[in-house]
Amino acid sequence: MRGLPAALPTLPLELTVLYNSLLFTMGASDSATEGEAEGIHQGLLRVLEACGACGQDLSTEELWQKVLREVTVEELQAPLHRLGALQAAWWLSASRLGSTASLFRLLSSAEDPGRSHCSEGENELLSLLKSWRVPAEQASLPLLQSTEDLKEILCTTAAFLQGLQELEAGNFPTALSLLQEAAGGFCSKRVLAQIYTCLGCCAQRMGKPQTALQHLKRALQVDFQCLPALSHVAAVYHELGETDAELQALALLYEVLEEKRPEAASSSPYFLIQTELPVHTPILASLLRHRQPSEVKYLLAQRCLQDGREAEAVEHYLDFLALLQEGLQQQVPLDCSSALPRIPEVFLEAASALEQAGRHQDAITMCEEVISRTTDLIPRMLRVEERLEECPSPGAGLVGGLLSQKKESLCCLAWRTAAYLHQGWAWANLGESKEAITQFSRCLGDLLRVQLYGSVVELTENLLPELEVLQKIRLLSLIGRGAQFLELERHKEALLDFQHGLQILPGDPAAASYLVQALWKLNRKQEAAAHWQKFSQAPPGEDGQQEGQGRAFPLYLVSCLKQAMFPDRHSLARSIQDYLRTTEDPLS
């Protein structure tokens, strides 16, 4: 009715037409837009115009205050309350909870100026919404959605939104209470499943995994298409250490994702404005993030490898790599919330699984893929120096770029040397000691590309994790090559490798035991016994194994760590003890 002067007799009809029009527009879109807000604003200006007032320079909040305080025409109360409900839906979609509460204070004051709507301890917004009395509708004016239905949806939405805010802030008991309030509200099955999923996540963060499982299973009972709930179920089982249940949940999730079922139509009553419309928050998007099939397949492979199920892990890793072949962009999510590591690490983990499953030749081939693809990504010499951290602030951006580039180069070097390390152990397991020594030597040769300047402790903290991994790879390669030298009875060369290993990590149990064995085979028994006594009597805190506890080395190194362990420590200990008893009692 633009262009015509506003008139009180026709204003209720005009506002009803506006309400229905905005309902249809908002319901047809996935979220509220500025267009609806402008429509409500113009509607309020028409009301003031009909009453002989003006509010062109007022904000929407100020406009509502002026209209509800100055316009007392009985016939306009119901249309204004309907517009107020739409305004609340729009503000809730923008998480403007304060503006929504202020609006309903005004709507309630217009009905009953002296009434208090919130008792101590109650949530004010929910109390205001519940106590809001919707004026009676005129039977002659048809509505696409009744104000009473809209009120119920607003109550559920307000509880859901505030519950999410409290969950994000870490106020878990309050979040739990609000989300339970939302679960008892008016919403579709789809939203109810989402609310139960959030309840499960809240309970998990409160340290109540069994309660979390109850909520998550309830979410799946309400709507089995709520796949994020199934993903969280797997995470809770992982936290509980129930690997079989976790793997079952992941396998089921992968199966459902692969089927790509069409989303079931909701059996709930259809409304143009539903709880889904106003609830759009980053934390909800994070909690309800849908995993890609490739992520789930990788998690299956990773969990099997971690649990010692090498044969199953191999199959899952090979399936995952086949998914990559189908299309990298489609199968691998590129956001930071993905469970996937870098692709070379996946190849190395797959090689580790193949190796532990006894498929040594396949592991060698898998590692060759990593080596060939990283050859051109590593500089001939990689300088890591302390003064990068001390550059003046004007060059902070350049320093950040250099650090990032060095970190990437160090990562590539770690992958390449780890591939050589795996190949070395694989050839050793095949009984090919000379080929194993060649691969261990290539690994150590590549590690010489890193030149450290200044104390390692003083190096920038951003680089320390990568350097620790490289040092561990160096130690494992020296132990591996030394062990193969022992197999070939090249005892002096073996001794040198074990000595170098102990320089990298003094007190390392494997390197120390191998060193003693090398000395023993060289018939330097007194020296071997002295070293054995020294390592055996070292306090727990000085033990290299103790020092490494708590450090999360990459999963692809775990099999190498196991293989580097000294195989017959007890037998060596008995030999040393027998020798010591003999030397202590020459008459025996």
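Residues numbered from 1 in each chain as written. Predicted model: local features only at pLDDT ≥ 70, side-chain atom pairs only at ≥ 80, totals over all residues. Heavy atoms only, no water.

Section: the overall build of the chain
At step 1: Secondary structure assignment for the chain yields 27 helices and two strands.
At step 2: Within the span of the chain, comprising 588 residues, buried residues form 50% of the whole.
At step 3: The contacts in the chain between residues at least 6 apart in sequence include a share of 71% that link residues at least 24 apart.
At step 4: When the accessible surface of the chain is totalled, it reaches about 28,400 Å², and 50% of it is carbon and sulfur. (Helix = DSSP H or I, 4+ residues; strand = E, 2+ residues; numbered from the N terminus. Buried < 20%, exposed > 50% of the residue type's maximum accessible area, 1.4 Å probe, protein only. Contact = heavy atoms within 4.5 Å. Areas by Shrake-Rupley, 256 points an atom, 1.4 Å probe, with all protein chains shown as cover.)

Focus on the packing of helix H9 (residues 189–205) against helix H11 (residues 227–240)
At step 1: Where H9 meets H11, the axes come as close as 10 Å, and the angle between the chain directions of the two elements is 20°. Taken together, the axes of H9 and H11 lie roughly parallel to each other. The two elements H9 and H11 cross, and the hand of that crossing is left-handed. Residue-level contacts link Thr197, Cys201 and Gln204 of H9 to Ala229, His232, Ala235, Val236 and Glu239 of H11.
At step 2: Of the residues that constitute the contact of H9 with H11, the class distribution is four nonpolar, three polar and one charged. (Axes fitted to C-alpha atoms, helices over the stretch in contact; angles between N-to-C directions. Parallel < 35°, antiparallel > 145°, perpendicular 65-115°, else oblique. Left-handed = near helix turned anticlockwise from the far one by under 90°. Nonpolar A, V, L, I, M, F, W, Y, C, P; charged D, E, K, R; others polar.)

Some details on the pattern of salt bridges
At step 1: Evaluated as defined, the whole model comprises 22 salt bridges.
At step 2: Among the salt bridges present, the one from Lys66 reaches Glu70, with a minimum N-O distance of 3.1 Å. Separated by four residues within a single helix, Lys66 and Glu70 lie in helix H3 (residues 60–70), roughly one turn from each other.
At step 3: By relative accessible area, Glu70 is classed as partly exposed at 46%. (Salt bridge = Lys/Arg side-chain N within 4 Å of Asp/Glu carboxyl O.)

With respect to the packing of aromatic side chains
At step 1: Counted according to the given criterion, the structure contains seven aromatic pairs.
At step 2: Seen in terms of ring centroids, Trp425 and Phe440 are 5.4 Å apart; in terms of plane orientation they differ by 80°. Their pairing is edge-to-face. In this pair, Trp425 is assigned in helix H19 (residues 396–429) and Phe440 in helix H20 (residues 433–447), connecting sequence segments 15 residues apart.
At step 3: The class for Trp425 is buried, based on a relative accessible area of 5%.
At step 4: For Phe440, a relative accessible area of 0% puts it in the buried group.
At step 5: Aromatic side chains Tyr514 and Phe566 sit 4.9 Å apart centroid to centroid with 85° between the ring planes, which places their arrangement in the edge-to-face category. Of this pair, Tyr514 sits in helix H23 (residues 509–521) while Phe566 sits in the loop between helix H26 (558–563) and helix H27 (569–584); the two residues are 52 residues apart in sequence, bridging distant segments of the chain.
At step 6: By relative accessible area, Tyr514 is classed as buried at 7%.
At step 7: In this structure an aromatic cluster arises from ring pairing among Tyr298, Tyr317 and Phe320.
At step 8: Looking at Arg82, its charged tip hangs above the ring of Tyr19, at a distance of 5.7 Å from the centre.
At step 9: Looking at Lys297, its charged tip hangs above the ring of Tyr254, at a distance of 4.4 Å from the centre. (Phe/Tyr/Trp six-rings, centres within 6.5 Å; stacked < 30°, edge-to-face > 60°. Lys NZ or Arg CZ within 6 Å of the ring centre and 35° of its normal.)

Points about the environment of Ile378
At step 1: Positionally, Ile378 belongs in the loop between helix H18 (360–374) and strand E1 (382–385).
At step 2: Given a relative accessible area of 8%, Ile378 falls into the buried group.
At step 3: Once you skip the residues sitting within four places of it in the chain, Ile378 turns out to touch Cys412, Leu413, Arg416 and Arg449.

Things to note about the confidence of the model for the chain
At step 1: Mean pLDDT over the chain works out to 85, with 82% of the residues at or above the 70 mark.
At step 2: When mean pLDDT is compared element by element in the chain, helix H10 (residues 209–222) scores highest at 97, while helix H25 (residues 544–548) scores lowest at 42.
At step 3: Below a pLDDT of 50 lies the segment residues 386–399, which in the model reaches 10 contacts outside its immediate sequence neighbourhood of four places, other chains included.
At step 4: Confidence over residues 541–550 falls short of pLDDT 50; this stretch has 12 contacts with residues more than four positions distant or in other chains. (pLDDT = per-residue confidence, 0-100.)

What about the nonpolar core?
At step 1: In this structure, Leu86, Phe160, Tyr317, Leu421, Ile473 and Ile576 are the most contacted members of the largest nonpolar core, which totals 185 residues.
At step 2: At 14 residues, H19 tops the list of elements feeding residues into this core.
At step 3: When near neighbours in sequence (up to four residues on either side) are disregarded, Ile576 contacts Val516, Trp520, Ala528, Ala529 and Trp532. (Core = buried A, V, L, I, M, F, W, Y, C linked by side-chain atoms within 4.5 Å.)

Overview of empty space enclosed by the protein
Unfilled space is identified by rolling a water-sized probe across the atoms.
At step 1: This structure, assessed with the given rule, holds one cavity of 30 Å³ or more.
At step 2: The computed volume of the largest cavity comes to approximately 40 Å³.
At step 3: In this structure, the largest cavity is lined by Leu227, Pro228, Ser231, Leu253, Leu257, Arg289, His290 and Arg291.
At step 4: Those elements that place two or more of their residues in the lining of the largest cavity are H11 and helix H12 (243–259).
At step 5: Among the elements that make up the lining of the largest cavity, the one with the highest residue count is H11 (three residues).
At step 6: Looking at the lining of the largest cavity residue by residue, the classes come out as four nonpolar, two polar and two charged. (1 Å grid on protein atoms, 1.4 Å probe; cavity = no way out; pocket = protein on both sides within 12 Å on 5 of 7 lines; lining within 4 Å. Points joined across faces, edges and corners; volume = space filled by probe spheres on them.)

Regarding helix H6 (residues 124–131)
At step 1: Within H6, six of the eight residues are buried, leaving the element largely enclosed by the surrounding structure.
At step 2: Those residues of H6 that sit buried are Leu125, Leu126, Ser127, Leu128, Leu129 and Ser131.
At step 3: The opening residue of H6, the one whose side-chain oxygen lies 3.3 Å from the backbone nitrogen of Leu125, is Asn123. (Polar contact = N/O pair within 3.5 Å; in protein donor to acceptor, adjacent residues only side chain to side chain.)

Remarks on the side chain of Arg474
At step 1: Topologically, Arg474 is positioned in helix H21 (residues 464–487).
At step 2: Put simply, Arg474 is tucked away with no salt bridge, and the nearest opposite charge, on Asp497, sits 10 Å away.
At step 3: With sequence-adjacent residues up to four places away left out, Arg474 is seen in contact with Leu444, Leu447, Leu448 and Ile504. (Lys, Arg positive; Asp, Glu negative; His and termini not counted.)

Considering the state of the cysteines
When the sulfur atoms of two cysteines share a covalent bond, that bond is a disulfide.
At step 1: Applying the stated criterion across every chain, the model contains zero disulfides.
At step 2: The thiol of Cys560 is unpaired, and the distance to the nearest cysteine sulfur, on Cys367, comes to 8.3 Å.
At step 3: When its relative accessible area of 0% is taken as the criterion, Cys560 is described as buried. (Disulfide = S-S within 2.5 Å.)

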